[in-house]
Amino acid sequence: MRKFVFTLLLLSLLCSYSCDDGDVITFELEFDEDFSACGETNLVLFKTKNTPSESLSVVINNLNVEDLLEVDNDNNLTLTKTGAFNYRTYSNETLPTNLFCNDIPPAEVKIVEDDSDDSVNATFTTKLVEDDQDGVLAALEDVDGNGDLTNDDTDEDGLPNYIDADDDGDNVLTKDENPDPNGDGNFDDALDTDGDGIPNYLDADDDGDGIDTRDEENESQDQNPGNDVTNSDVGADYLNKDVANVDTPKATAYRNHTIIQTYTVTLTITDIALDLISIDEFDFGLLNDSSLSGSRTETPNFN
């Protein structure tokens, strides 16, 4: 629970309120950090609480959640819009879940206080994080150690390792090549079938038989060497150094890659002037919305 407390004094830099008797007034708001959103053309951002029943909301015209996901090439977005800020209190002990974004407002809601400012600045900050969920933490896929993940591309397929589900381009997914068998985050125990010092998930020829793993398929090329097994006692041919499929067609394509996307959207409201208080800056919190999690599919150019 995020707690906001505003102490109101005459001539205060943060808040101002005039009282005939000069009393000090403490204005307290307690809301969860997360807020919700709805609206196809006009975006409504809101948070509610019970005991006591209160709500905060911001309405911004000509904006929707999808607009907040239009990040730049660095996967960032900063966007400032003008909107209407509203604070309400209610006599209801609990508020309905459909308080906002309904054509017909809930009839049982009884508003006690309704204070608004029709012209506030709403600044959204969006960050997109992408990951291949291949069992290797993105921070550990910095192969050259320079802190820049975008230029670490072991198989040179155009996808940096941190969003490449098949880091070595052998058509066996990294997560299936045991990069961290005991799950402790230490890759010293990564599977290395041929013992050449290169773990399978970064080795184009896992069994060291001179045939690239991606080429150890039978006549049905399906970009999956894992289902080509000559000797079931040993396993797939790409892990069997005694089977070298020299006569089968060579691979001509990479398998599809799924990249997981997670957006983080935060909102800051500035220049709020309500009847009771004036606030220079208000941290509205973190957007909670199902559209912030998704994925995209890439098929790298074969090389």
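Calculation rules
- Residues numbered from 1 in each chain as written.
- Predicted model: local features only at pLDDT ≥ 70, side-chain atom pairs only at ≥ 80, totals over all residues.
- Heavy atoms only, no water.
- Helix = DSSP H or I, 4+ residues; strand = E, 2+ residues; numbered from the N terminus.
- Rg over C-alpha atoms; globule rule 2.2 N^0.38 Å.
- Buried < 20%, exposed > 50% of the residue type's maximum accessible area, 1.4 Å probe, protein only.
- Contact = heavy atoms within 4.5 Å.
- Areas by Shrake-Rupley, 256 points an atom, 1.4 Å probe, with all protein chains shown as cover.
- Core = buried A, V, L, I, M, F, W, Y, C linked by side-chain atoms within 4.5 Å.
- Salt bridge = Lys/Arg side-chain N within 4 Å of Asp/Glu carboxyl O.
- Disulfide = S-S within 2.5 Å.
- Pairing = 2+ DSSP bridges.
- pLDDT = per-residue confidence, 0-100.

*Asks:* Honestly, the overall build of the protein chain in this entry has me stumped. Any pointers?
*Replies:* A count of helices and strands for the protein chain gives zero helices and ten strands. In the protein chain, the succession of helices and strands from N to C terminus is β-β-β-β-β-β-β-β-β-β. Computed over the C-alpha atoms, the radius of gyration of the protein chain is 28 Å, more than 25% above the 19 Å expected from 2.2 N^0.38 for a compact globule of 303 residues. Across the 303 residues that make up the protein chain, the buried fraction comes to 41%. Sequence-distant contacts, at least 24 apart, represent 62% of the contacts inside the protein chain between residues at least 6 apart. Here the protein chain displays about 16200 Å² of accessible surface, and carbon together with sulfur accounts for 45% of that area.

*Asks:* What exactly am I supposed to notice about the nonpolar core here?
*Replies:* One broad trend across soluble globular proteins is that nonpolar side chains are buried collectively. Core analysis: the biggest nonpolar cluster contains 30 residues, and L45, F85, F124, L267, I269, I272 and F284 have the highest contact counts within it. For this core, the secondary structure elements donating two or more residues are β3 (34–38), β4 (43–49), β5 (54–60), β6 (76–90), β7 (111–131), β8 (257–273) and β9 (278–287). Top element by residues in this core is β8. It accounts for five residues. With eight residues, the next largest nonpolar core counts C38, F46, L95 and F100 among its residues.

*Asks:* Which parts of the structure should I look at to understand the environment of E216?
*Replies:* For E216, the location among the structural elements is in the loop between β7 and β8. Judged by relative accessible area, which is 0%, E216 ranks as buried. In contact with E216, other than residues within four places in its own chain, are D207, D209, I211, P225, D228, D237, Y238, V243, A244 and N245.

*Asks:* Hey, could you run me through the pattern of salt bridges in this one?
*Replies:* Where charged atoms from two side chains of opposite charge come close, those side chains can pair. Per the stated rule, a full pass over the model turns up six salt bridges. Close ionic contact of D242 with K241 constitutes a salt bridge, the shortest N to O distance being 3.6 Å. On the basis of relative accessibility, which here comes to 58%, the residue K241 falls in the exposed class. Close ionic contact of R296 with E298 constitutes a salt bridge, the shortest N to O distance being 2.6 Å. For R296, a relative accessible area of 25% corresponds to the partly exposed category. Relative accessible area serves as the criterion here: at 30%, E298 is assigned to the partly exposed category.

*Asks:* Help me understand the state of the cysteines, please; the structure alone is not making it clear to me.
*Replies:* If you walk through the whole model with that rule in mind, you get one disulfide. Between the sulfur atoms of C38 and its disulfide mate C101 the distance is 1.2 Å. Highlighted residues: C38 in strand β3 and C101 in the loop between β6 and β7, separated in sequence by 63 residues. On the basis of relative accessibility, which here comes to 19%, the residue C38 falls in the buried class. Overall, the relative accessible area of 41% leaves C101 in the partly exposed class.

*Asks:* How should the environment of V71 be read in this particular structure?
*Replies:* Following the sequence through the fold, V71 ends up in the loop between β5 and β6. Since its relative accessible area comes to 22%, V71 is described here as partly exposed. With residues near it in sequence (within four places) discarded, V71 still touches N76, L77, T126, L128 and Y263.

*Asks:* Just to check I follow, could you spell out the pairing of β7 for this structure?
*Replies:* The side chains of a regular strand alternate, first on one face of the sheet and then on the other. Bridging between β6 and β7 involves 14 bridges; their strand directions are antiparallel. Residue T82 lies in a different strand from β7, and its bridge partner there is N121. In this structure, β7 lies alongside β8, joined through eleven bridges in antiparallel fashion. The partner of L128 across the bridge, within β8, is Y263.

*Asks:* Honestly, the confidence of the model for the protein chain in this entry has me stumped. Any pointers?
*Replies:* If pLDDT is low for a region, its predicted coordinates should not be looked at in detail. When the pLDDT values of the protein chain are averaged, the result is 88; 90% of them are 70 or greater. Highest mean pLDDT in the protein chain belongs to β6 (97); lowest belongs to strand β1 (residues 2–8) (42). Low pLDDT (under 50) marks residues 2–26, which in the prediction has 54 contacts with non-local residues, meaning those over four places away or in another chain.

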